[in-house]
Structure formats: structure tokens, C-alpha cells
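# Descriptive structure summary
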Amino acid sequence: MTKTELFNQIKTKKSYLCVGLDTDIKKIPKHLLSSEDPVFEFNKAIIDATSDLCVSYKPNIAFYEAMGPKGWQSLAKTLEYIPKDCFSIADAKRGDIGNTSSLYARAFFDKSASGMSFDSITVAPYMGKDSVSPFLEFENKWVILLALTSNEGGKDFQNLELAEGTEVYKKVLEVSKNWGDSERLMYVVGATRAEKLREIRAIVPDSFLLVPGVGAQGGSLFEVSKYGMNATCGLLVNSSRGIIYASSGEDFAEKAREEAQKIQTEMAEYLDQFLK
Ligand SMILES: O=C(O)c1cc(=O)[nH]c(=O)n1[C@@H]1O[C@H](COP(=O)(O)O)[C@@H](O)[C@H]1O
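It should be emphasised that the depicted structure is a prediction, and the values quoted were computed from it without experimental measurement. (Residues numbered from 1 in each chain as written. Predicted model: local features only at pLDDT ≥ 70, side-chain atom pairs only at ≥ 80, totals over all residues. Heavy atoms only, no water.)

Quick look at the UniProt feature "domain: Orotidine 5'-phosphate decarboxylase" (unreviewed entry) in the protein now. Under the UniProt annotation, the feature "domain: Orotidine 5'-phosphate decarboxylase" (unreviewed entry) is placed at residues 16–256. Across residues 16–256, the secondary structure splits into 38% helix and 17% strand, with the terminal C-alpha atoms separated by 16 Å. (UniProt positions renumbered as here; feature names shortened; annotations may be inferred. Helix = DSSP H or I, 4+ residues; strand = E, 2+ residues; numbered from the N terminus.)

Turning next to the pattern of salt bridges. Oppositely charged side chains can form a pair if their charged atoms are brought close together. The tally for this structure, following the rule as stated, stands at 15 salt bridges. One salt bridge connects lysine 93 with aspartate 91, and the closest N-O pair in it is separated by 2.8 Å. A residue is classified by how much of its surface remains accessible, and lysine 93, at 42% relative accessible area, is partly exposed. Taking relative accessible area as the criterion, aspartate 91 reaches 4% and is therefore assigned buried. A salt bridge links glutamate 199 to lysine 170; the shortest N-O distance between them is 2.5 Å. Of this pair, glutamate 199 sits in helix 10 (residues 197–203) while lysine 170 sits in helix 9 (residues 168–176), and the two are 29 residues apart along the sequence. We classify glutamate 199 as partly exposed; its relative accessible area is 33%. One salt-bridge network, held together by shared partners, links Glu167, Lys170, Lys196 and Glu199. (Salt bridge = Lys/Arg side-chain N within 4 Å of Asp/Glu carboxyl O. Buried < 20%, exposed > 50% of the residue type's maximum accessible area, 1.4 Å probe, protein only.)

In a regular helix each residue adds 1.5 Å, so 12 residues correspond to 16 Å; helix 5 (residues 98–109) covers 16 Å between its end C-alpha atoms and thus fits that length. Listed as buried for helix 5 are Ser101, Ala105, Phe108 and Phe109. For helix 5, the buried positions fall inside an angular range of 85° around the axis, keeping them on one side. (Expected span 1.5 Å × (residues − 1). Arc of directions from axis to C-beta.)

A separate point is the nonpolar core. Within the largest apolar cluster, 86 residues are counted, with the highest numbers of intra-cluster contacts made by Ile10, Tyr16, Val19, Phe87, Leu235, Leu236 and Val237. For this core, the element with the highest residue contribution is helix 13 (residues 252–274), accounting for nine residues. Non-local contacts of tyrosine 16, meaning those with residues more than four positions away in its chain, are made with Ile10, Val55, Leu221, Ser225, Met229, Cys233, Leu235, Leu236, Val237, Met267, Tyr270 and Leu271. (Core = buried A, V, L, I, M, F, W, Y, C linked by side-chain atoms within 4.5 Å. Contact = heavy atoms within 4.5 Å.)

Taken across its five residues, strand 8 (residues 235–239) has five buried, putting it largely inside the fold. Side chains Leu235, Val237 and Ser239 of strand 8 all project onto a buried face; the interleaved residues Leu236 and Asn238 project onto the opposite face, where all are buried too. For strand 7 (residues 209–212) and strand 8, the ladder comprises four bridges, and the chain directions are parallel. Across the sheet, the residue bridging to leucine 210 is leucine 236, located in strand 8. Of the crossover connections in this fold, the one passing from strand 7 over helix 11 (residues 221–228) to the parallel strand 8 is right-handed. (Pairing = 2+ DSSP bridges. Right-handed = clockwise from strand over helix to strand, strands pointing away.)

Here it is in C-alpha cells:
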């Protein structure tokens, strides 16, 4: 999916919501457990209930990997089921020396090799350019680079000041923006770090940002939207647990829709207010 297509979806749906499919077999409603593939049944119901309210889905790969081969099958079926007008994110947080990154890229981008072709993948920047560029060699595929993460421990390294006075996460933005342009490269910025969005926008004004951390982690959608939105919206705001586990009963999909609807209604207002 191109940046223009993504922005068009955002305008059509008046939403920049990404629903996180962090599907934990231990948390899904009991009545699904007797089905052949409970994880897929759960995801299918969540997608059916939310696809008109969001523009993206982000399965977190850990939840599927942890189940072994069955988990990979549920993941592949889920990806097939995600409507093509929704931007798919493999939240895999990969990155290794070049030849290994090429294989990670094949695993998530090359359908003929792995059976899966996501629109994008999350990648850690720590190993530098040659660990990231193999992902960018795949046409029309996006890299979402971790910049300023939502967790407390993110501050351990990301906010350290280099001798020149720049914080490490800013250096990541400054250097990596030359590895690919804003048509193919996005950044993760946690909603819990919204106070930094002004400075981030000064470095990457045109890039999309994947913003996790609203809902269960307590980040503010208002602040993220006010300080992070640009002329093409430039935001994909993720919520996982806050939506998919809104209820643990038979009404889980209905309740997930209600939560997604609340967020989408707020987003429609912010698009009116803050789209530059
Ligand atoms: O890359 C991510 O998506 C990510 C980066 C980050 O800084 N913080 C963060 O929470 N995430 C992911 O975003 C999702 C957040 O889930 P909830 O807190 O349940 O909404 C999880 O899948 C996390 O792995």
C-alpha cells in the first residue's frame, strides 16, 4: 500500500486506528476454545467487527510464534482475512546482519516463500543501515523503525545524550531518514512519549508514525493527535488489549466494536481539528 492510498483510507474512514491483534490463547473467550483454530476464530470476529472503523491491523508476532507451527498457521490465515484496504503490520521487531535480515524480510514479505506478505514490518535500528536495508529492497513494502518506544525501559538507551548533545532516538531519526523516504519508512513513537512529538516532527515532518500505547498503557490520543498530526495525518494509533479484550464473554466482538467506535469518533474530530 502506498502512502497516498493509506491517507485516502484515513480520509474515507475518518480513522487512523490500528487494531492490535495481540491474541493470547489464555485470554480469548472460553466458548471459542472448542473450535479448530480458536486464535483465528477470535481474530476473524474482531476483524469483522472493526474493519470499517480502522485502517490497519497489527498482529504481534510473539503471540503466534509462542504457539509453534499452529500459531504460524493462525497468523497466515489472519493475514489472508485482513481486508486488502487495511494496512497490515507484522509486529516482529526484527533486524540482524544483512543476509539474515534478508531472510526475515522474505518470511514476512514474500508470499511465494513463506505464504505471507504483510505491507510492513517493525524493525529495531540498533544494528544499523545494513540490517534495515534488506527489508527496503522489497517493492512497496514498509519498514517501521523503533524510535522512541512506549515502555519505561525505553529511556535506558533511547534518551541518552550523545557527546554532541543529541538524544539517541533523535540520532536514529536523523540518520535513518536517509535510508528510505517517507513513502517506505515509518517510525514507532509511543503514545506515552507524546511530549516529544513536536521535536520528532521537526526531524521527520512527513513520515508516518506508528503510535502504540493508548488504551492499556494510558497514552493520550488527544495529545498524540495535536502534536503528531501532519498534512497526510501521519499517524497510525494502535490499541490492542483495550479493544480486543474489552469483554471476555460471548459479546467480545460487540464490545471490541464499541471500543473501536469510541476511538474512531474521537479521531474523526481530531482529523477536523488538527489535519494541517
Ligand atoms: O512496535 C510496537 O508496536 C510497540 C512499540 C512500543 O514502543 N510499544 C508497544 O506497546 N508496542 C506494541 O504495541 C502493542 C500495544 O498493546 P496494548 O498496550 O495492549 O495496546 C503491543 O503489541 C506492543 O508490543
